[in-house]
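Okay, here's what each chain looks like letter by letter:
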Amino acid sequence: MSRIVRAAAIQISPVLGDDGLGTARKVCQAIREAAEKGVKLAVFPETFVPYYPYFSFIQPAFRFGGEHLALYERAVVIPGPVTDMVAEAAHQTGMVVVLGVNERDFGTLYNTQIIFDATGEILLKRRKITPTYHERMVWGQGDGAGLKVVDSAAGRIGVLACWEHYNPLARYALMTQHEEIHCAQFPGSLVGQIFADQMEVTIRHHALESGCFVVNATGWLTEEQIKEIAGDPALEGPLRGGCFTAIVSPEGKLLGTPLTEGEGMVIADLDFALITKRKRMMDSVGHYARPELLSLLLDRRPARTVHYVGEANPVPTSTDEAAS
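In this report, the structure presented in the accompanying data block is examined. If you're wondering where the values come from, they're calculated on a predicted model, not measured in any experiment. (Residues numbered from 1 in each chain as written. Predicted model: local features only at pLDDT ≥ 70, side-chain atom pairs only at ≥ 80, totals over all residues. Heavy atoms only, no water.)

1. Brief notes about the overall build of the protein chain
Part 1 of the argument: Secondary structure assignment for the protein chain yields 9 helices and 11 strands.
Part 2 of the argument: The C-alpha atoms of the protein chain give 19 Å as radius of gyration, which agrees with the globular expectation for 324 residues (20 Å, within 12%).
Part 3 of the argument: Overall, the C-alpha framework of the protein chain stretches about 55 × 55 × 40 Å when taken along its three principal axes.
Part 4 of the argument: With 324 residues in all, the protein chain has 54% of them scored as buried.
Part 5 of the argument: Intrachain contacts of the protein chain at a sequence separation of at least 6 include 73% that bridge at least 24 residues.
Part 6 of the argument: Accessible surface, the protein chain as shown: approximately 14400 Å² in total, 55% of it carbon and sulfur.
Part 7 of the argument: Here the protein chain contributes 30 positively and 38 negatively charged side chains, and the mean placements of these two sets differ by 5 Å. (Helix = DSSP H or I, 4+ residues; strand = E, 2+ residues; numbered from the N terminus. Rg over C-alpha atoms; globule rule 2.2 N^0.38 Å. Buried < 20%, exposed > 50% of the residue type's maximum accessible area, 1.4 Å probe, protein only. Contact = heavy atoms within 4.5 Å. Areas by Shrake-Rupley, 256 points an atom, 1.4 Å probe, with all protein chains shown as cover. Lys, Arg positive; Asp, Glu negative; His and termini not counted. Charge placed at Lys NZ, Arg CZ, Asp CG, Glu CD.)

2. Quick word on the sheet that holds strand E4 (residues 108-116)
Part 1 of the argument: Taking strand neighbours across the sheet as the criterion, the 6 strands line up as E5-E4-E3-E2-E1-E11 in an open arrangement whose pairing is mixed. Either end of the sheet is taken by a strand with one partner, and the two such strands are strand E5 (122-127) and strand E11 (264-271). Along the sheet, successive strands turn relative to each other by an average axial angle of 25°, direction set aside.
Part 2 of the argument: Summarising the sheet, strand E2 (residues 41-43) and strand E3 (residues 96-105) pair through 3 bridges and their orientation is parallel. What sits directly across from Leu 41, in E3, is Val 96.
Part 3 of the argument: Against the sheet, helix H4 (residues 81-93) touches E3, E4 and E5, its axis set at about 15° to E4. (Pairing = 2+ DSSP bridges. Axes fitted to C-alpha atoms, helices over the stretch in contact; angles between N-to-C directions.)

3. Some points on the packing of helix H1 (residues 21-36) against H4
Part 1 of the argument: Look at H1 against H4: their axes get within 10 Å of each other, and the N-to-C directions meet at 5°. It follows that H1 is roughly parallel to H4 by the angle criterion. From H1, Leu 21, Ala 24, Arg 25, Val 27, Cys 28, Ile 31, Arg 32 and Ala 35 reach across to H4, where they touch Pro 81, Val 82, Met 85, Val 86, Ala 89 and Thr 93.
Part 2 of the argument: Across the contact of H1 with H4, the residue classes tally to 11 nonpolar, 1 polar and 2 charged. (Parallel < 35°, antiparallel > 145°, perpendicular 65-115°, else oblique. Nonpolar A, V, L, I, M, F, W, Y, C, P; charged D, E, K, R; others polar.)

4. Some thoughts on empty space enclosed by the protein
Part 1 of the argument: Within the structure shown, the criterion is met by 2 cavities of 30 Å³ or more.
Part 2 of the argument: Quantified by volume, the largest cavity comes out at close to 60 Å³.
Part 3 of the argument: For the lining of the largest cavity, a count of residues per class yields 9 nonpolar, 2 polar and 1 charged.
Part 4 of the argument: The calculated volume of the second largest cavity comes to roughly 30 Å³.
Part 5 of the argument: Around the second largest cavity, the lining residues are Met 175, Glu 209, Ser 210, Gly 211, Lys 279, Met 282, Asp 283, Ser 284 and Val 285.
Part 6 of the argument: Residue composition of the lining of the second largest cavity, grouped by class: 3 nonpolar, 3 polar and 3 charged. (1 Å grid on protein atoms, 1.4 Å probe; cavity = no way out; pocket = protein on both sides within 12 Å on 5 of 7 lines; lining within 4 Å. Points joined across faces, edges and corners; volume = space filled by probe spheres on them.)

5. Topic: the sheet that holds strand E6 (residues 150-152)
Strand pairs in the sheet, formed through backbone hydrogen bonds, run parallel or antiparallel to each other.
Part 1 of the argument: Spatial ordering of the open sheet is given by E6-E7-E8-E9-E10, a layout of 5 strands whose pairing is mixed. Edge positions in the open sheet fall to E6 and strand E10 (246-248), since each of these has one partner strand only. Between one strand and the next, the sheet's axes are offset by a mean angle of 25°, whatever the strand orientation.
Part 2 of the argument: Bridging between strand E8 (residues 181-186) and strand E9 (residues 213-218) involves 6 bridges; their strand directions are parallel. Bridging from a neighbouring strand, Ile 181 pairs with Phe 213 of E9.
Part 3 of the argument: Each of E8, E9 and E10 touches helix H6 (residues 193-210); the most contacted strand, E9, lies at about 155° to it.

6. Notes on the environment of Glu 209
Part 1 of the argument: When you line up the elements, Glu 209 lands in helix H6.
Part 2 of the argument: Taking the C-alpha atoms as reference points, Glu 209 and Ser 249, separated by 40 residues in sequence, lie 11 Å from one another.
Part 3 of the argument: At 2.9 Å, the side chain of Glu 209 and the side chain of Arg 171 are in polar contact. (Polar contact = N/O pair within 3.5 Å; in protein donor to acceptor, adjacent residues only side chain to side chain.)

Here it is in structure tokens:
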């Protein structure tokens, strides 16, 4: 009998302007609502807690220093109150949760993806390897240590954020580890319809190429939030559209109706028999590969700014180094 897992891609709006915990509470409420629908895997948008740095897309760098500092104050320390809260919700509902956060590690922010198992255990904390365009003024770079597929109660899960999906070698790194479910996260409410169109092509292609399910979540801004973030009607346009919350089968088929505006969930039952059906025809890291011609070198070593020889570490260790 094939295994079936019910998954939810959750499109949701953040809580702006509070201490940073309001969005986390909203995540936990959505987890409980999904559990009532029988969901065993829930995926939330990119850097959803406390919120995606939309300000950096519409303001010049010399103007957004104050908003950048505010994001530092509200950012997530791992482990900490936010991860404790979400871990408890995952444990109580027996759900695997994929959450995007702005992580603060001493003096740097990172675009970080966290996978919580159904027990509440953190299975993976990874950082976006290359922030995109305006994001480079906000976040530091991740490293290859996070390019891992992990075994969870919902299956073998891999994750990438936004335009990391345009790095074919990053995707291939996960494909070689035989991901069964790929969880994708995008900001949403950004750039316009073209972003949503590109997103659809990207996630459907990865499903076909990897022979896995893709669960993709994008964020959503209300009209009131758009006006608050923009502060000028002329800057509101770039903060609309660009939402495509969806679930895709290994055959590239959309499961259910994608969500392109408003809050809500796309829910689908993932029948793992479809993975074998697809890979029987085309397994890009198996019988369809040519490793003697083409192969990937992946450096999994965590990036470190200093290596100590012959003495104990005299300075506080970053949370990322401590975990490696």
